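A closer look at the structure
This is what each chain is made of:
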Amino acid sequence: MADTTVPYSTGDSLIGETTIAEMRELAARYPVGRSALLPMLHLVQSVEGRITPEGIEACAQVLGLTGAEVSAVATFYTMYKRRPVGDYHVGVCTNTLCAIMGGDLIFERLKQHLDVGNDETTEDGKITLEHLECNAACDYAPVMMVNWEFFDDMTPESATQLVDDLRDGTEVKSPRGATICTWKEAERVLAGFPDGRADEGPTGGKATLAGLRLARERNWTAPEGTHSRRGNGAAAEQTVSAEAASGPRPEDQPGKESQAVHTDDSRKED
């Protein structure tokens, strides 16, 4: 198991005049400078590899805040790290759906394979492993993320192959995103300095677009309005088709029985 003991300050901060100038540039993008604190903290991580005391003080100085105010924000959000992060931050979703689809098994396999625990980094400094809460990609469960890029429909075998490829320096592409860069490079993008690769790779897959495909095949449309008409209070005209209004058909929901839609007044008492 890797040693996770890290001094609070290493005394060899990499934050120099270039980083300070970029912090000021970020602050100038907002009507109120302190609104730039979140991207500035990502910038610190892109330089230091974590949130350092020197980084906190630099943010505070640029924004006219106290170190305590900056530290309060940096310790609230889990994307800001107090221990050094490896070249690749590997997150495994262990929330409900991903967990029952195999996320827990994947996470346990990776801990054994990499010989690290949660939020720990391999001895070679390549991989930091963390279990994550919902990644909002339940249609591809179980999912993983590498430097915040999605990897879908994972298995213990594909997960171990993924981290092995990352450690070996093999080029890895996200199935719904860009080619994987280092964690520091990804943090710089999150800070607000794009690398020009935002449109690299597909952004949506078959599972995500299934509803759209079905709506087009059935010619379903959304209502144009849901508010009452002015003047008489009558309901807005309903533009959704009768078929769509009746809900999904049984063949669209395997294992679910059809539920009749009552349009008469048969439920009235005699």
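This text follows the structure it describes.
Summary of the structure given here. The model shown is predicted, which means the values in this text are computed figures rather than measured ones. (Residues numbered from 1 in each chain as written. Predicted model: local features only at pLDDT ≥ 70, side-chain atom pairs only at ≥ 80, totals over all residues. Heavy atoms only, no water.)

**Concerning the overall build of the protein**
Let me state the cut-off plainly: Numbering of helices and strands starts at the N terminus; helices are DSSP runs of H or I of at least 4 residues and strands are runs of E of at least 2. By definition in these notes, contact holds between two residues if any of their heavy atoms fall within 4.5 Å.
When you go through the protein residue by residue, the secondary structure sums to nine helices and five strands. Reading the secondary structure of the protein in the N-to-C direction produces α-α-α-α-β-α-β-β-β-β-α-α-α-α. Put simply, of all contacts in the protein between residues at least 6 apart along the chain, 64% involve residues at least 24 apart.

**Quick word on the environment of T66**
So the rule is basically this: Relative accessibility under 20% of the residue-type maximum defines a buried residue, over 50% an exposed one, and the middle range a partly exposed one, all with a 1.4 Å probe and only protein chains included.
Within the secondary structure layout, T66 lies in the loop between α3 (53–63) and α4 (67–74). The exposure class assigned to T66 is partly exposed, which follows from its relative accessible area of 42%.

**Some remarks on the side chain of Q45**
As a reminder of what qualifies: For the purposes of these results, a polar contact is taken to be a pair of N or O atoms within 3.5 Å, where, inside protein, one atom must be able to donate a hydrogen and its partner to accept one; residues adjacent in sequence count only when each atom of the pair is a side-chain atom.
Its location among the elements puts Q45 in helix α2 (residues 37–48). The class of Q45 is buried, set by a relative accessible area of 0%. Of note is the side chain of Q45, whose polar atom sits 2.6 Å from the backbone nitrogen of K81. Of note is the side chain of Q45, whose polar atom sits 2.7 Å from the side chain of E187.

**Some details on the state of the cysteines**
Basically, it comes down to this: Count a disulfide wherever a pair of cysteine sulfur atoms falls within 2.5 Å.
Summed over the entire model, instances satisfying the criterion amount to zero disulfides. No disulfide involves C98; its sulfur sits 3.7 Å from the nearest other cysteine sulfur, which is in C93. With no disulfide of its own, C138 lies 4.1 Å from the sulfur of C134, the closest cysteine sulfur.

**Some remarks on the pattern of salt bridges**
In plain terms, the rule: One speaks of a salt bridge when a side-chain nitrogen belonging to Lys or Arg is within 4 Å of a carboxyl oxygen belonging to Asp or Glu.
Summed over all chains, the structure comprises 14 salt bridges. For the salt bridge of E157 with R109, the shortest nitrogen-to-oxygen distance reads 3.8 Å. Here the residue E157 occupies a position in helix α6 (residues 156–168), and R109 occupies one in helix α5 (residues 96–114), the gap between them amounting to 48 residues. Classification of R109 by relative accessible area gives partly exposed; the value is 32%.

**Focus: the pairing of strand β3 (residues 127–132)**
We count it as follows: Two strands qualify as a pair provided that DSSP identifies no fewer than 2 bridges between them.
A large share of β3 lies buried, amounting to five of its six residues. The sheet contact formed by strand β1 (residues 88–93) and β3 spans six bridges and is parallel. Each bridged residue has a counterpart across the sheet, and for C93 the counterpart in β3 is L132. For strand β2 (residues 120–121) and β3, the ladder comprises two bridges, and the chain directions are antiparallel. Each residue of the ladder has a partner; that of T121, found in β3, is T128. Connecting β2 to the antiparallel partner β3 that follows it, the hairpin turn spans five residues, and G125 within it adopts a positive phi of roughly 75°.

**A short note on α4**
Going by this rule: Picture the helix axis, draw a direction to every C-beta atom, and the arc is the one those directions span.
Buried within α4 we find G67, V70 and A74. Buried positions in α4, seen along its axis, are confined to an arc of 70° and lie on one side of it. On its buried side, α4 packs onto α2 and α3.

**A look at the nonpolar core**
The line we're drawing: Residues belong to one nonpolar core when they are buried, are Ala, Val, Leu, Ile, Met, Phe, Trp, Tyr or Cys, and are joined through side-chain atoms within 4.5 Å.
Counting 24 residues, the largest nonpolar core has M23, L37, M40, L41, I51, C59 and V70 as its most contacted members. Contributions of two or more residues to this core are made by α1 (17–27), α2, α3 and α4. A per-element tally of this core places α2 first, with six residues. Ignoring any residue separated from it by four or fewer positions in sequence, one finds L37 in contact with C59, L63, L65, V70 and V73. Among the nonpolar cores identified, the runner-up in size contains 20 residues, and Y88, V92, L110 and I180 belong to it.

**Re the sheet that holds β1**
Read from one edge to the other, the open sheet built from five strands follows the order β2-β3-β1-β4-β5, with strand pairing classed as mixed. Either end of the sheet is taken by a strand with one partner, and the two such strands are β2 and β5 (149–151). Of the strand pairs in this sheet, strand β4 (residues 144–146) and β5 are connected by three bridges, and their pairing is antiparallel. Looking at β5, one finds that M145 is bridged to F150.

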